Amino acid sequence: MVDALGVAVIGFGWMGRVHTQAYARLPHHYPRLPLRPLLVTVAEEVPGRAEEAAERFGFASATRDWREVAADPRVRAVSVTAPNFLHREIGVAMAEAGKHLWIEKPVGLTAGDARAVAGAVARAGVQGTVGFNYRNAPAVEAARELIVSGGIGSVTHARIRLFSDYAAHPDSALTWRYERERGGNGVLGDLASHGADLARFLLGDIASLTADTAVFVPERARPAGATAGHALASGGAPGPVENEDYVSCLLRFVSGARGVLEACRVSVGEQNTYGFEVHGTRGAVFWDFRRMSELGVSRGTTYQDQPVSTVYVGPGDGEFAAFQPGAGNAMGYDDLKVIEAHRFVRSIAEGTPYGATLADAVHSATVLDAMTRSARLGSWVDVDGG
């Protein structure tokens, strides 16, 4: 017996579409899931966009006011894919209305915002999932198992990188992403939030850090109308970029390991160059998002000149079997969001959290706040705020 789960999507840019498609694909990849998402309503304030989404993807209704979603008895679960500055208000409101919450990172602009949403979810007794999708890659989960099991010895140091060119063009429109009040700390919330989550997922808690930030494109053109994604706005009135294009950070983990985390949104020649290298006393493991189902693995007792092997993850790793029958078959970005959707719906069905939760969002946001504080002070800071 499969029960219907009424879902809504708030905010229908690219990520809203990704969430919607993930819900639609769940029965194909997870046919035994006891809940089947039913697309009830979509909310988007840009005129005409919600109606277009409803017609294209099959939502039963559309609205420009997200508050109508909170009051809709048909809706049991909500995806929040609206801009960052709306996460806290919408997330708290949905939780207080008794809606289960799948919310995109960074869950607001500060750790305080993330804590507010996490607290509302806990008080309401609903499930909360956060969009840290890169940890869902089967290769990343396999790397974590290798690290935790001692397969590369004790971790000594790691490097996590997230380089992109989405904001490299000087004519990129001056949207909310570049404003401190609405876009928060720029590339920290956008990309480094994933890096902070991956660091903790793989290596445990971060004790302290020191960070440096920079703005490399200090001025952009204001858009003449509504924008989507990273549109260009050549010829518009110029305005200042108020938040960070780049961050580099040295990390000290509670375990004693050291790390480097670097993120940039204006890296010409880099397209989604995301990945990590983790080194231990007897080996190392390497992952590149663009070769998502591969790991570079070095382990043994040779130490000097020890070779690195390419390992293709397969049906025994993470959720790979739900998508492909054998190792070497490729998975894609959208598949990671299907995994995320599955864990969200499974959490609702079983009343037990699976995957990244609001607690993980709070940890990531705390690291980001520490980066901002360190860059301002020019010194090492404790991640817990001390």
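Before reading further, recall that the structure is shown in the block above.
Before going into details, it helps to say that this report is about the structure given with it. Predicted model, so just to flag it, every value in this text is computed and none were measured.

The subject of this paragraph is empty space enclosed by the protein. The method is simple in principle: a probe with the dimensions of a water molecule rolls over the atoms, and the space it marks as empty is what remains. The tally for this structure, following the rule as stated, stands at four cavities of 30 Å³ or more. As a volume, the largest cavity reaches approximately 70 Å³. Lining the largest cavity we find 13 residues, and of these Pro106, Gly108, Leu109, Asn185 and Leu368 sit closest to its centre. Element by element, the count of residues in the lining of the largest cavity is highest for helix H10 (residues 358-377), at three residues. Considering only enclosed or pocket space, the second largest cavity measures out at about 60 Å³ in volume.

Enumeration according to the criterion identifies 24 salt bridges in this entry. Linking Asp360 and Arg135 is a salt bridge whose minimum nitrogen-to-oxygen distance equals 3.6 Å. Of this pair, Asp360 sits in helix H10 while Arg135 sits in the loop between strand E6 (128-130) and helix H6 (138-148), and the two are 225 residues apart along the sequence. Glu350 serves as the salt-bridge partner of Arg346, at 3.0 Å between the closest nitrogen and oxygen. With Arg346 and Glu350 both in helix H9 (residues 333-350) and four residues apart, the pair spans about one turn of that helix. For Arg346, a relative accessible area of 29% translates into the label partly exposed.

With respect to the helices and strands, Val126 occurs in the loop between helix H5 (111-124) and E6. Sequence-wise, Val126 and Ala95 are 31 residues apart; in three dimensions their C-alpha atoms are separated by 6.8 Å. Setting aside chain neighbours within four positions, we find Val126 in contact with Ala95, Gly98, Lys99, His100 and Val121.

Parameters and conventions
Numbers given to residues run from 1 along each chain, matching the order in which its sequence is written. The predicted origin of the model limits local features to residues at a pLDDT of at least 70 and limits the giving and counting of side-chain atom pairs to 80 or more, whereas totals for whole chains, interfaces and linings rest on all residues. With hydrogens and water stripped out, all remaining heavy atoms of the structure feed into the side-chain values. Grid points spaced at 1 Å and placed over the protein atoms alone form the basis of the search, with a cavity being a set where a 1.4 Å probe fits but cannot get out and a pocket an open set showing protein on both sides within 12 Å along at least five of seven lines. Lining residues have an atom within 4 Å of a point. Grid points are joined across faces, edges and corners, and a volume is the space filled by probe spheres set on the points. Where helices and strands are cited, they refer to DSSP runs of H or I of at least four residues and of E of at least two residues respectively, numbered from the N terminus. In what follows, salt bridge is the name for a side-chain nitrogen of Lys or Arg lying within 4 Å of a carboxyl oxygen of Asp or Glu. Only protein chains enter the calculation, and the probe is 1.4 Å; a residue is then buried if its accessible area is under 20% of its type maximum, exposed if over 50%, and partly exposed in between. Residues are treated as being in contact if the distance between any of their heavy atoms lies within 4.5 Å.

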